[in-house]
Amino acid sequence: MIIGVRSNVKEDNPASLGIRAQSLSVFAYVSVYVMVKVFQAADATDLVTELRRSFDDGVTRGYEWRVTQLKKLLLICDNHEPEIVSALHDDLGKPELESSVYEVALLRNSINLAVKQLKDWMAPDKVAKTSLTTFPASAEIVYEPLGVVLVISAWNYPFLLSIDPVIGAISAGNAVVLKPSELAPASSSLLAKLLEQYLDSSAVRVVEGAVTETTLLLEQKWDKIFYTGSSRIGRIIMMAAAKHLTPVVLELGGKSPVVIDSDTNLKITAKRIIAGKWGCNNGQACISPDYILTTKEFSPKVIDALKQELEAFYGKNPMESKDMSRIVNSNHFDRLSKMLEEKEVSDKIVYGGQKNRDKLKIAPTILVDVPLDSQIMSEEIFGPLLPIITLNNLEECFDVIRSRPKPLAAYLFTQNQKLKERFALTVSAGGIVVNDIAVHLAVPTLPFGGVGESGMGSYHGKFSFDAFSHKKAVLYKSFIGDAAIRYPPYSTGKLRLLKALVNSNILEIFRVILGLS
Amino acid sequence: MEEVVDQSLREMRDTFASGRTRSVKWRKTQLEAIIEMVKDNEDKMCDVLFQDLGKHSTEAFRDELGFVMRSATTALNCLDKWVVPKKSNLPLLFYPSTGKVISEPYGTVLVLSSWNFPISLSLDPLIGAISAGNTVLLKASELSPNASAFLAKTIPSYLDSKAIKVIEGGPDVATILLKHQWDKIFFTGSPRIGKIIMAAAAEHLTPVTLELGGKCPTIVDHHSVSKDMKSVVKRISGGKWGSCSGQACISVDYVLVEKSFASSLIEMLKPMIRSFFGENPKESGCLSRIVNKKHFQRLARLLNDPGVQASIVYGGSMDEEKLYIEPTILLDPPLDSEIMNEEIFGPILPIITLRDIQESIGFIKSKPKPLAIYAFTKDENLKTRILSETSSGSVTFNDVMIQYMCDALPFGGVGESGIGRYHGKYSFECFSHEKAIMEGSLAMDLEARYPPWNSFKLTFLRLAFREAYFKLVLFMLGLKK
């Protein structure tokens, strides 16, 4: 196992290197520094070389190996849930239920599905024998692993977003290196420990670290890179991948809008929005409801409903509630504070707004009609702030959404069938959910991924297997049938025949070429 | 030029925003227009292909015109099926929610095509982009100037010019284009340029499909195909020299054969070449020429390497003025020569001998993953080994090049030979974003979904997620802790 020196490099300020102020960590750093080897370029090269050798030796290709590794991942979930919950609490203040259900349980389902379906997934796709152009040949599509892949995960769901792609990589038969996020250090460390303990380290490895380590890894040639994180870093990843023509999956983010129609069941709507926003890592999720669009007329009812349900969920003093994650670190806390303090924004708060930097807590905060060009409406919030933008007419929501980068998710609450259809067809987003929030993430039969600024590629269920596979076309041709028309010398006669065939039936021409007519 | 690009982009984006290209009727009209365009301009198209590449009209028709017409027809016939949303089965846990996947056009896409099949490599991706409902800008290669000019002039009079545009030019124009944000970029060409395209796309997080190349090996297992050897030789020769004189991404680049059979193979190839092109291939009119001086000089350089010169067993003559290189066979050129380390893209065929045909696997693996692997064999073991131990865009047994015609098969590379795929429905998918749609019900609600959290809700959700419905019921009835 390679352990990197963990530096508290903040994502949005790569040049700075901070040391965690908490004294216990300082002590830990000092002792760890003494014991630990710094990850260098040669280490990255050696790592990839070793994994490539394992891959070339066929270690990861067999069904047995893949299933064994998946089952070991299941054992991790079964045997170490309390430690996972604890690490998530250390890193994010995540409530036990969120850790248990939205990380561990989802992973368990993902693993079980892969184990159950793997044989099917691995089987070649037969191409229709009756296809005119292939007859009398037969064809199939064979799934083959790409080779040695890199998974870079995020800090907000550190277990889910690390292991779920790894499930895909392993089921598809690849060797894989995982780099968890340094902004969730307890989780990163636990992942490194558990994966080394349970999985085949000749083919599955964890590299901990920050910008330095990631950069070193990105210089290597990978057969696929799977990244979850910000659009800004997504660009850097793709640029690095381009040097080696490495295909990528980028699971990024965006401002996921929620459109609320006045005919909706407001109580359920409010509950689902709250559960989907503050109940999912306190708004720090890629598909978190970012802002609300509703009519001026309906907006007060929406605010009332939200206030009512917020109190029901988190009590009169939400800052004391144990049912919400905290803000991940002071960097993000300051980022969110700045958003709230901006002129013309701070006076639009209608609920919440309390902050506590020491505890890294910000109360669930609702704002109404902040300027559309304010910070809070220009970048992904990723926190417990919910702006409501009111419109004269709900129709205007389409223009508002379309004028912004394509988000990872777009939500609509309505009973109006026509509106649902129009929304689904015309709003471009990674995924659309009507009358609920975020649940599509848990559905393995729906591809989960972005479009435009919110990403490229998708995964979950079989889509994960596909993401890490090359679908190789295989054509089996016989020696029967070899039309002269295929070969030189080209006479005008041949051309005439070809043209005549074209005019009669376009498909005939290929039967001729393949020597069947 | 910058202004032209800006204006074109703006117009295409407005057209896309208007929703016109989303209608199936519009898409079908455009596809029909492409077929009409090819039918009306057959002679002109053959003419430009002859001017740019010396292609015989039969070859032009077979590889380009006919292919495009077939591709457009397939799209026309299948479009109604392709645009239908795909229903997804949701786990019971999510009842009564429903889910489906809609194929949505990316928006405004860029197609950069190559010079060797300038008509089909331009129009085929165009067909994909249009059937998926996008607006598209096509830049054909400046190395096939007549074809490029033809497309620039003719496409606007057949297709919706507010949605489908053509621009001409070389690297400088490409550079301007790549500075802009596109919703998808489709590129056919060399790996070197592919890297530049992908890096440019990264600035805007634009997804790419890169159809690149590589050295496509052809394994001849003479033990198992001896009865059909004449057909083997014919197919290899036709594939190599009969299609743009070896200047194709899926061309037979080199042959792997056992040493004991090499000379027999060569002695069969020679008369086959003569039967195709006569005693003087230069005058046959059936052999495409080299595209331009630069590529001619590149190939001449490959051939003039002393080690390579010494390995020539057939052909080798060149005429720079006529951009002609004779169909040439090499026997065991040095493995470290340039010709054995870069994609040849010309009418030179190295034959590499091995002690045992099984060694072909290791040989192929030592090189970057190619776009195609061809293997003439009936040995099931060898077939299995090739499939499972090598990696390539595709594998074709007992023929060459033909996988290109099978639009039921995805056409694309892996590793150095490319990213993404197209042909048939894969073209449609290539230019579509697969958007997941999920619809929940406002009628039913589950209290356990919501804070404040407690151990009841935790257990409930745990059981629900495990789809342990029986245990869940017991739990609800208080019969299980």
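- For chain B, an unreviewed UniProt entry supplies the name Aldehyde dehydrogenase and the organism Brassica campestris.
- Under the Catalytic activity (unreviewed entry) heading, UniProt states for chain B: "an aldehyde + NAD(+) + H2O = a carboxylate + NADH + 2 H(+)".

- The name an unreviewed UniProt entry assigns to chain A is Aldehyde dehydrogenase, from the organism Brassica napus.
- According to UniProt, the comment filed for chain A under the heading Sequence similarities (unreviewed entry) is "Belongs to the aldehyde dehydrogenase family."

### Let's talk about the overall build of chain A
Stage number 1. On a plain count of helices and strands, chain A comes out with 16 helices and 18 strands.
Stage number 2. Pairs at least 24 apart in sequence give 72% of the contacts found in chain A among residues at least 6 apart.

### Focus: the side chain of Ser187 of chain A
Stage number 1. With respect to the element layout, Ser187 of chain A can be found in helix 6 (residues 185-198).
Stage number 2. Apart from residues lying up to four places away in sequence, Ser187 of chain A is in contact with Ala87, Leu88, Asp91, Pro158 and Phe159 of chain A.

### Considerations on the domain arrangement of chain B
Stage number 1. Its domain assignment divides chain B into domain 1 (2-212 + 422-434), domain 2 (217-411) and domain 3 (448-481).
Stage number 2. Each of domain 2 of chain B and domain 3 of chain B has a C-alpha centre, and the two are 65 Å apart.

### Thoughts on the UniProt feature "domain: Aldehyde dehydrogenase" (unreviewed entry) in chain B
Stage number 1. The UniProt entry lists residues 3-436 of chain B under the feature "domain: Aldehyde dehydrogenase" (unreviewed entry), expressed in the numbering used here.
Stage number 2. Structurally, residues 3-436 of chain B is divided into 44% helix and 18% strand, and its ends, taken at the C-alpha atoms, are 37 Å apart.

### Topic: the sheet that holds strand 15 (residues 409-413) of chain A
Stage number 1. Ordered in space as 10(A)-13(A)-14(A)-9(A)-8(A)-15(A)-16(A)-18(B)-2(B)-1(B), the 10 strands form an open sheet in which the pairing is mixed. Only two strands of the sheet have a single neighbouring strand rather than two, namely strand 10 (349-351) of chain A together with strand 1 (86-88) of chain B. Shown here is a sheet whose adjacent strand axes are inclined to one another by a mean of 25 degrees, direction ignored.
Stage number 2. Relative to strand 18 (residues 432-439) of chain B, strand 16 (residues 431-434) of chain A is paired through four bridges, and the arrangement is parallel. Its bridge partner lying in strand 18 of chain B, Val434 of chain A is registered against Glu439 of chain B.
Stage number 3. Lying over the sheet, helix 10 (residues 299-314) of chain A contacts strand 8 (256-260), strand 9 (289-295), strand 10, strand 13 (365-368) and strand 14 (385-391) of chain A, oriented at roughly 160 degrees with respect to strand 14 of chain A.

Criteria and cut-off values
- Residues numbered from 1 in each chain as written.
- Chains lettered and ligands numbered in written order.
- Predicted model: local features only at pLDDT ≥ 70, side-chain atom pairs only at ≥ 80, totals over all residues.
- Heavy atoms only, no water.
- UniProt positions renumbered as here; feature names shortened; annotations may be inferred.
- Helix = DSSP H or I, 4+ residues; strand = E, 2+ residues; numbered from the N terminus.
- Contact = heavy atoms within 4.5 Å.
- Domains from an automatic or database assignment.
- Pairing = 2+ DSSP bridges.
- Axes fitted to C-alpha atoms, helices over the stretch in contact; angles between N-to-C directions.

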